[in-house]
Amino acid sequence: MKNNEYMMKAEHLFKTFPGGSTALSDVSLSILKGECKGVVGESGSGKSTLAKCLTFIEKADKGSIIVDGQLINPRKKASIAQARKKIQVVFQNPAASFNPKLKMLTSVMEPLDNQKNEVWPLDTSQKKPLSRRDYASYLFDLTGLPARYLDCYPHELSGGQKQRAAIARSISTKPSLIILDEPTASLDVSIQGNVLNLLKDLQETFQLSYLFISHDLAAVRFMSDSIVVMNKGRIIDSFNSEDMFSEDRHAYTKELIHVFEA
Ligand SMILES: Nc1ncnc2c1ncn2[C@@H]1O[C@H](COP(=O)(O)OP(=O)(O)OP(=O)(O)O)[C@@H](O)[C@H]1O
């Protein structure tokens with residue numbers, strides 16, 4: 001489900017790393033509420049840098065980012081904190097996203113514990129707040145994980161289960177936008193589809209917006225309403241998913257498709 005309101009609007013982003021590597025060059029991109037925007041491009045094209053700038057992990061050298069109607073000032077901690085409440089990130093490697101010394105319960109609840117809010121279920125079906133543990137069980141249930149894994153350490157879960165737990169953690173704060181940076185790349189091919197289906201279900205249930213970054217053009221097409229193609233730090237093509245194979249595509253996009261299909 002999507003409407004015509006912007007969840008995020010980034011304009012004219014530039015980012016050059018010390019040492020001269022230009023990762024983003026005049027990148028503008030918008031994500032509608034409830035939309036999944038796909039980002040494709042070969043290695044080094046700037047996809048992860050874009051994700052980091054949109055989540056304020058990296059600061060863009062120039063450009064503006066509007067989150068849910070509010071212009072974010074990257075120099076003000078309060079402004080960034082306000083944006084971060086609405087945005088979560090799921091990274092490629094679920095093993096690296098959990099502290100090996102912490103049980104899953106602690107890790108999954110970490111973003112919420114930092115916010116110190118009462119815990120209400122995402123679907124507001126309950127009349128009173130849940131206990132911390134019940135909320136974590138509820139999040140695990142939403143992502144298809146048995147609650148007993150809350151008492152496990154990350155190494156006791158498979159890669160796919162860890163990525164489900166990372167997704168559970170990402171929705172814990174009731175974000176409006178989730179940045180998915182290659183969320184299935186490190187997973188067995190046999191379970192990639194399950195995780196994509198889970199993401200689609202959650203998007204529909206909670207009207208989430210996604211920025212979905214992937215090398216996997218089939219996954220991007222499956223997930224996304226619209227797609228941008230990056231090359232050398234620039235967006236060089238932008239289209240609705242159903243037009244991926246249209247003759248109008250940029251030569252570089254056609255080449256990416258050709259390489260992917262080979
Ligand atoms: N911290 C950094 N310091 C210096 N250069 C960096 C840094 N992070 C990224 N770069 C450079 O910026 C460019 C874009 O990198 P980025 O990781 O955003 O690409 P990517 O499209 O996400 O690649 P991949 O698909 O391999 O993850 C590359 O030239 C990279 O070497």
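Just so it is clear, the structure is predicted and the values come from calculations on it, not from any experiment.

### Regarding the packing of aromatic side chains
Argument step 1. In the structure shown here, the tally under the stated rule is 1 aromatic pair.
Argument step 2. Here the basic side chain of K62 rests over the ring of F14, its NZ or CZ set 4.7 Å away from the ring centre.

### Structural notes on the site of the ligand
Argument step 1. Near the ligand, the surroundings consist of F17, S21, A23, E42, S43, G44, S45, G46, K47, S48, T49 and H215.
Argument step 2. Take S45: an N or O atom from its main chain is 3.1 Å from an oxygen atom of the ligand.
Argument step 3. One nitrogen or oxygen atom from the side chain of H215 is found 3.4 Å from an oxygen atom belonging to the ligand.
Argument step 4. With 3 residues, helix α1 (residues 47-54) is the largest single contributor of residues to the shell around the ligand.
Argument step 5. By residue class, the composition of the shell around the ligand is 2 nonpolar, 8 polar and 2 charged.

### Focus on unusual backbone geometry
Argument step 1. A positive phi angle is found at F56, which is not glycine, with a value near 65 degrees.
Argument step 2. Residue position: F56 is located in the loop between α1 and β4 (62-67).
Argument step 3. What makes F56 buried here is its relative accessible area of 10%.

### Here we look at the pattern of salt bridges
Where charged atoms from two side chains of opposite charge come close, those side chains can pair.
Argument step 1. Applying the stated criterion across every chain, the model contains 9 salt bridges.
Argument step 2. In this structure, the salt-bridge partner of K33 is D68, at a minimum N-O distance of 2.8 Å. Pair noted here: K33 is in the loop between β2 (22-32) and β3 (36-40) and D68 is in the loop between β4 and β5 (70-71), with a separation of 35 residues, a long-range link.
Argument step 3. A salt bridge links R132 to D113; its shortest N-O distance comes to 2.6 Å. With a gap of 19 residues between them, R132 in helix α4 (residues 132-142) and D113 in helix α3 (residues 104-115) connect regions that are remote in the sequence.
Argument step 4. On the basis of relative accessibility, which here comes to 30%, the residue D113 falls in the partly exposed class.
Argument step 5. A single network of salt bridges, built from pairs that share partners, joins E5, K33, D68 and K86.

### Focus: the UniProt feature "domain: ABC transporter" (unreviewed entry) in the protein chain
Argument step 1. According to UniProt, the "domain: ABC transporter" (unreviewed entry) feature falls on residues 8-257.
Argument step 2. End-to-end, the C-alpha atoms of residues 8-257 are 27 Å apart, and along that stretch the chain is 34% helix and 24% strand.

### Details of the sheet that holds strand β6 (residues 87-90)
Argument step 1. A sheet is described by the order of its strands in space; here 6 strands give the open sequence β6-β7-β8-β3-β9-β10, paired in mixed fashion. The open sheet has two edge strands with one neighbour each: β6 and β10 (234-240). Direction aside, the axes of adjacent strands within the sheet are offset by 20 degrees on average.
Argument step 2. Lying over the sheet, helix α6 (residues 189-206) contacts β3, β7 (177-181) and β8 (209-213), oriented at roughly 155 degrees with respect to β8.

What counts and how
- Residues numbered from 1 in each chain as written.
- Predicted model: local features only at pLDDT ≥ 70, side-chain atom pairs only at ≥ 80, totals over all residues.
- Heavy atoms only, no water.
- Phe/Tyr/Trp six-rings, centres within 6.5 Å; stacked < 30°, edge-to-face > 60°.
- Lys NZ or Arg CZ within 6 Å of the ring centre and 35° of its normal.
- Near = heavy atom within 4 Å.
- Polar contact = N/O pair within 3.5 Å; in protein donor to acceptor, adjacent residues only side chain to side chain.
- Helix = DSSP H or I, 4+ residues; strand = E, 2+ residues; numbered from the N terminus.
- Nonpolar A, V, L, I, M, F, W, Y, C, P; charged D, E, K, R; others polar.
- Buried < 20%, exposed > 50% of the residue type's maximum accessible area, 1.4 Å probe, protein only.
- Salt bridge = Lys/Arg side-chain N within 4 Å of Asp/Glu carboxyl O.
- UniProt positions renumbered as here; feature names shortened; annotations may be inferred.
- Pairing = 2+ DSSP bridges.
- Axes fitted to C-alpha atoms, helices over the stretch in contact; angles between N-to-C directions.
- Contact = heavy atoms within 4.5 Å.

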